[in-house]
Amino acid sequence: MSQLSTRHLLGIKDITTEDIQLIFETAQNFKEVLNRPIKKVPSLRDITIANIFFENSTRTRLSFELAEKRLSADVINFSSASSSVKKGETLIDTVNNILSMKVDMVVMRHSSPGSPHFLSKNIKANIINAGDGTHEHPTQALLDAFSIREKLGDVAGKKVAIIGDILHSRVALSNIFCLQKLGAEVMVCGPITLLPKHIASLGVKVEYDVQKALEWCDVANVLRIQLERQQIKYFPSLREYSLYFGVNKKMLDRLDKEIVIMHPGPINRGVELNSDVADSEHSIILNQVENGVAIRMAVLYLLAGVK
Ligand code: CP
């Protein structure tokens, strides 16, 4: 197979295991390119890509932009904070105005779940979801699984615990779909108030004790407490969260095995993850960021071939 089964990347739920494997093979090739002295290839010359971000981002936005530039695409960036959205312009009007400038692909982050799906039904360009509210963040899940494969050889058969604010996390849902498609066992762990009520129906194990989750897993993917999405109090204080659900070195020292620690970023240091773990030899957090560029190059390159 040399082509994806879809012309948009809206979520991991919608793509096949073969799509994921093709993205990984392509990303592996691009990773080699990124380690050469000349890191640029002409693959997307004459393709124009708009990065449309209605929510804050550091990693996703920068790595999409770098991936696009490494592929020789023309790039335009839109940030809602400095745009006419502030004057009341709608999503579809904003995007149609950008598309009338002859844009081929749109990378979009938006706080409303389903917004890239809505867009894909209304415009001709290829759409890539760079995070839609609490729903999906497909390229994050792809780079996470790619990083596990790189570190442990394979994803199939591995035990992955996703720890933290599962309720508000698009990374959790995309990771669950991606890891399961690749044959991993998945556990979610956190305070009962931050676990969706019917999460077990997705086929994941549910654990409330972080030490037990760490004992079970090969990989712990620790997620950020998303205070900006929490309209009510889900736990008494950050100090108490850190005390009961934060991951620290003492907890890892109690394990009689190797463990891989991941975090999608940005980290709340001292809350969900202590610096003595985030910066330890167990952590592959910066490898995740590095792999993000190769994964996003692969997604852009492959989608550009599906019209
Ligand atoms: N992991 C992630 O999506 O980070 P940003 O919000 O900085 O893009």
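Residues numbered from 1 in each chain as written. Predicted model: local features only at pLDDT ≥ 70, side-chain atom pairs only at ≥ 80, totals over all residues. Heavy atoms only, no water.

For the record, the criterion: UniProt positions are given in the numbering used here, feature names are shortened, and annotations may be inferred rather than shown by experiment.
Labelled according to an unreviewed UniProt entry, the chain appears under the name Aspartate carbamoyltransferase, originating from Rhodonellum psychrophilum GCM71 = DSM 17998. UniProt, in the comment section headed Sequence similarities (unreviewed entry), describes the chain in these words: "Belongs to the aspartate/ornithine carbamoyltransferase superfamily. ATCase family."

### Quick look at the sheet that holds strand β1 (residues 48-53)
Operational definition: Only when DSSP finds a minimum of two bridges between them are two strands counted as paired. For helices the rule is a DSSP run of H or I covering at least 4 residues; for strands it is a run of E covering at least 2, with both sets numbered from the N terminus onward. Each axis is a line fitted through C-alpha atoms, taken for helices only over the stretch in contact, and angles between the N-to-C directions span 0 to 180 degrees.
Spatially, the four strands line up as an open sheet ordered β2-β1-β3-β4, and their pairing is parallel. The open sheet has two edge strands, β2 (74-79) and β4 (126-132), and neither has a second partner. Ignoring strand direction, the axes of neighbouring strands in this sheet form an average angle of 15 degrees. Relative to β4, strand β3 (residues 105-110) runs parallel, the two sharing five bridges. Note on β4: the bridge partner recorded for V107 is I128.

### Structural notes on the domain arrangement of the chain
Using the following cut-off: Note that the domain bounds reflect an automated or database-derived domain assignment. Residues count as neighbours in contact if any of their non-hydrogen atoms are within 4.5 Å of one another. Put simply, buried area is how much 1.4 Å-probe accessible surface two parts lose in total, over both of them, once they are put together. Salt bridge, as applied in this entry: a Lys or Arg side-chain nitrogen positioned within 4 Å of an Asp or Glu carboxyl oxygen. Polar contacts, as used here, are pairs of N or O atoms within 3.5 Å; protein pairs need one atom able to donate a hydrogen and one able to accept it. Residues neighboring in sequence count only if both atoms are side-chain atoms.
Assigned domains within the chain: domain 1 (12-136 + 290-304) and domain 2 (138-288). Averaged C-alpha coordinates put domain 1 and domain 2 at centres separated by 25 Å. Taken together, the contact between domain 1 and domain 2 spans 30 residues of the former and 28 residues of the latter. Taking both sides of the interface into account, the surface hidden between domain 1 and domain 2 amounts to around 2,500 Å²; carbon and sulfur atoms contribute 60%. There are two salt bridges connecting domain 1 and domain 2. Between K31 and E150 there is a salt bridge; the shortest N-O distance is 2.6 Å. One can count 17 residue pairs in polar contact (both at pLDDT 80 or more) joining domain 1 with domain 2.

### Focus: the site of the ligand
Selection criterion: For this description, a residue counts as near a given molecule or strand if any of its non-hydrogen atoms is within 4 Å of it. All amino acids are sorted into three groups, where Ala, Val, Leu, Ile, Met, Phe, Trp, Tyr, Cys and Pro are nonpolar, Asp, Glu, Lys and Arg are charged, and the leftover types, Gly among them, are polar.
Surrounding the ligand, one finds S57, T58, R59, T60, R109, H137, Q140, P264 and G265. S57 places a side-chain nitrogen or oxygen 2.6 Å from an oxygen atom of the ligand. Between the ligand and H137, the relevant distance is 2.9 Å, taken from an oxygen atom to a side-chain nitrogen or oxygen of the residue. Residues of the shell around the ligand, tallied by class, amount to one nonpolar, six polar and two charged. Counting only domains with at least three residues in the shell around the ligand, you end up with domain 1 (12-136 + 290-304) and domain 2 (138-288).

### A word on the nonpolar core
Inclusion rule: Within this scheme, the nonpolar core is defined by two criteria: the residues are buried Ala, Val, Leu, Ile, Met, Phe, Trp, Tyr or Cys, and they are joined through side-chain atoms within 4.5 Å. In this scheme, a residue with accessible area under 20% of its type's maximum is buried, one over 50% is exposed, and one in between is partly exposed, where area comes from a 1.4 Å probe on protein chains only.
Residues I23, I128, L142, I295 and L300 are the most contacted members of the largest nonpolar core, which totals 64 residues. Among the elements that make up this core, the one with the highest residue count is helix α11 (residues 285-304) (ten residues). Both domain 1 (12-136 + 290-304) and domain 2 (138-288) contribute no fewer than three residues apiece to this core. Aside from chain neighbours lying at most four places away, what touches L142 is L9, I12, I20, I23, F24, C178, I295 and V299. By size, the runner-up hydrophobic cluster in this structure holds 28 residues, among which are C189, C217, F245 and I259.

### Section: the UniProt feature "binding site: L-aspartate" (unreviewed entry) in the chain
In this numbering, the UniProt entry assigns the feature "binding site: L-aspartate" (unreviewed entry) to K87, R170 and R224. Spatially, the listed residues are scattered: they cover 138 residues, and their C-alpha atoms lie as much as 31.7 Å apart. Mapped onto the fold, K87 is located in the loop between β2 and α3 (91-99). According to the relative accessible area criterion, K87 is exposed, its value standing at 72%. The residue R224 is located in the loop between β8 (219-222) and α8 (238-245) in this model. According to the relative accessible area criterion, R224 is buried, its value standing at 19%. If sequence neighbours within four positions are ignored, R224 has contacts with D165, H263, P266, N268 and E272.

### Remarks on unusual backbone geometry
Across the junction of G265 and P266, the peptide omega takes the value -10 degrees, indicating a cis bond. Relative to the assigned elements, P266 resides in the loop between β9 (260-262) and α10 (275-278). In this model, D46 sits at a positive phi of 75 degrees, which is unusual for a non-glycine residue. Note on placement: D46 falls in the loop between α1 (17-34) and β1. Despite not being glycine, S72 shows a phi value in the positive range, around 70 degrees. Summarising the element assignment, S72 is placed in the loop between α2 (59-70) and β2.

### Focus on α2
We count it as follows: The length a helix should cover is 1.5 Å for every residue beyond the first.
With twelve residues, α2 should cover 16 Å at 1.5 Å per step; its first-to-last C-alpha distance of 16 Å lies within 8% of that length. Regarding α2, the residues found buried are T60, S63, F64, E65, A67 and E68. In this structure, the buried side of α2 is in contact with β1, β2, β3, β4, α5 (138-152) and α11. Remark: S72 follows α2 within two positions and exhibits a positive phi of approximately 70 degrees.

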